[in-house]
Amino acid sequence: KEFKKEFMQKVYKIPVKPNITKISDVAVKWFENRGISQDVLLSNKIAMSADGNGIIFPYFRNGKLINYKTRLINEKKFFQAKEAEPIMYNLDRIVGQKEIIVCEGEIDSMSWEVSGHTNHTSVNQGAPNENDSNVDKKLECITNCYDVFENAEIIYIAVDNDNNGQRLQTELIRRFGQEKCKIVDFKDCKDANEYLIKYGSFELSQTLKNSKDVRVEGVFTLQDN
């Protein structure tokens, strides 16, 4: 793939396990309002910072904590473990999967599990800006986990329905190859979580069945006439 470049050998730090506590009733309610059940919180090992202000999304590889992201509960601010290796969210459960659902954020990723799909993942820093000239650093999590996607047969691109999401979609297709990618359409919704809340878990799952192949330039079908 064209994006495969030689990177300088980087030295990452294994993060010190954060000072955490079990998820609070306030946070459980916060997730419930977004359609995310307690069972999904448990299976994704979601925790709280000890001060109760942050939700912690852990990133594991082979059961070992490699990175984590803290999301403040009262405002949309995110913090990652310092100098930790960027990897894909929910990595251990997409290893060896023939089909993988790729999202733009952890909550969208977890929304798929509500509809019965555990083969969900997310980039660790969200979508690049639509005008960014170089996104390799932003999408380093893909480079560090590329073999997982190389071994998959179908990759569902389920990113946000906005300009930055479109940029991410383009970059994912370029990296994974258009022949194995399918585009998930969230219709009038911005993302998977909004779709889950508006239409329910069954309809969210149906979007995979209704996903579209990536159009190959120069190839036309009868429907194009």
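Please refer to the structure placed before this passage.
The rules behind the values
Along each chain, residue indices are assigned from 1 in the same order as the chain's sequence is written. Reporting of local features is limited, given that this is a predicted model, to residues whose pLDDT is at least 70; pairs of side-chain atoms are given and counted only at 80 or more, and all residues count toward the totals for whole chains, interfaces and linings. Side-chain calculation: all heavy atoms of the structure are included, whereas hydrogens and water are not. Within this scheme, the nonpolar core is defined by two criteria: the residues are buried Ala, Val, Leu, Ile, Met, Phe, Trp, Tyr or Cys, and they are joined through side-chain atoms within 4.5 Å. Summary of the burial criterion: residues with accessible area below 20% of their type's maximum are buried, those above 50% are exposed, and those between are partly exposed, where the area comes from a 1.4 Å probe applied to protein chains only. Here, residues are in contact when the closest pair of their heavy atoms is within 4.5 Å. Classification of ring pairs uses Phe, Tyr and Trp, with its six-membered ring standing for Trp, and accepts pairs whose centres are within 6.5 Å; under 30 degrees between planes counts as stacked, over 60 as edge-to-face, and the remaining range as tilted. Secondary structure elements follow DSSP: runs of H or I of four or more residues count as helices, runs of E of two or more count as strands, with numbering from the N terminus. A 3.5 Å cut-off defines polar contacts: any pair of N or O atoms within that distance qualifies, except that in protein one atom must be a possible hydrogen donor and the other a possible acceptor, and neighbouring residues in sequence count only when both atoms are side-chain atoms. What makes two strands pair is DSSP finding at least two bridges between them. Put simply, a salt bridge is a Lys or Arg side-chain nitrogen that is within 4 Å of an Asp or Glu carboxyl oxygen.

*Asks:* How do you make sense of the nonpolar core when you look at a structure like this?
*Replies:* A general feature of soluble globular proteins is that nonpolar side chains tend to end up buried together. Membership of the largest hydrophobic core comes to 58 residues, with the highest contact counts inside it found for Phe31, Ile46, Met110, Trp112, Ile142, Phe176 and Phe186. Excluding residues that lie within four positions of it along the chain, Phe186 makes contacts with Trp112, Ala158, Val159, Asp191, Ala192, Tyr195 and Leu204. Counting residues in hydrophobic clusters, the runner-up holds 5 residues, among them Leu65, Tyr68, Ala81 and Ala84.

*Asks:* Looking at this structure, how should I read the packing of aromatic side chains?
*Replies:* In this description, a pair of aromatic rings is defined by centroid distance and the angle of the planes. Here the structure, examined in full by the defined rule, presents 8 aromatic pairs. Taking the centre distance of 6.5 Å and the plane angle of 80 degrees together, the rings of Phe57 and Tyr89 count as edge-to-face. Of the two residues, Phe57 sits in strand β3 (residues 54–61) while Tyr89 sits in the loop between β5 (78–80) and β6 (99–103), which places them 32 residues apart along the sequence. No difference in accessibility class separates Phe57 from Tyr89, as the two residues are buried.

*Asks:* Honestly, the environment of Asp191 in this entry has me stumped. Any pointers?
*Replies:* Mapped onto the elements of the fold, Asp191 is located in the loop between β9 (181–183) and α7 (192–199). A C-alpha to C-alpha distance of 26 Å links Asp191 and Glu85, two positions 106 residues apart in sequence. If near-sequence neighbours (up to four positions away) are discounted, Asp191 is found in contact with Asp108, Asp160 and Phe186. Only 2.8 Å separates the side chain of Asp191 from the backbone nitrogen of Glu194, close enough to count as a polar contact.

*Asks:* Got a minute to help me understand the sheet that holds β9 in this structure?
*Replies:* In a beta sheet, neighbouring strands are held together by backbone hydrogen bonds and run either parallel or antiparallel to one another. Pairing is mixed in the open sheet, where 5 strands are placed in the order β7-β6-β8-β9-β10. The sheet is open, and its two borders are formed by β7 (120–122) and β10 (212–213), each paired with just one other strand. Looking at chain direction, β6 and strand β8 (residues 154–157) are connected through 4 bridges and run parallel. Within β8, the position partnered with Ile101 by the bridge is Tyr156.

*Asks:* Help me understand the pattern of salt bridges, please; the structure alone is not making it clear to me.
*Replies:* When the charged atoms of two side chains lie near each other, side chains of opposite charge can form a pair. Per the stated rule, a full pass over the model turns up 13 salt bridges. Between Asp136 and Arg175 there is a salt bridge; the shortest N-O distance is 2.9 Å. Here Arg175 lies in helix α6 (residues 163–176) and Asp136 lies in the loop between β7 and α4 (140–143), a separation of 39 residues in the sequence. Using a relative accessible area of 14% as the deciding quantity, one classes Asp136 as buried. Residues participating in the shared-partner salt-bridge network are Asp136, Arg167, Glu171, Arg174 and Arg175.

*Asks:* Sorry, what's going on with the side chain of Glu171 here?
*Replies:* Along the chain, the position of Glu171 falls in helix α6. For Glu171, a relative accessible area of 8% puts it in the buried group. Among the polar contacts made by the side chain of Glu171, one reaches the side chain of Arg174 at a distance of 3.0 Å. Sequence-distant contacts of Glu171, defined by excluding residues within four places in its chain, comprise Val135 and Leu139.

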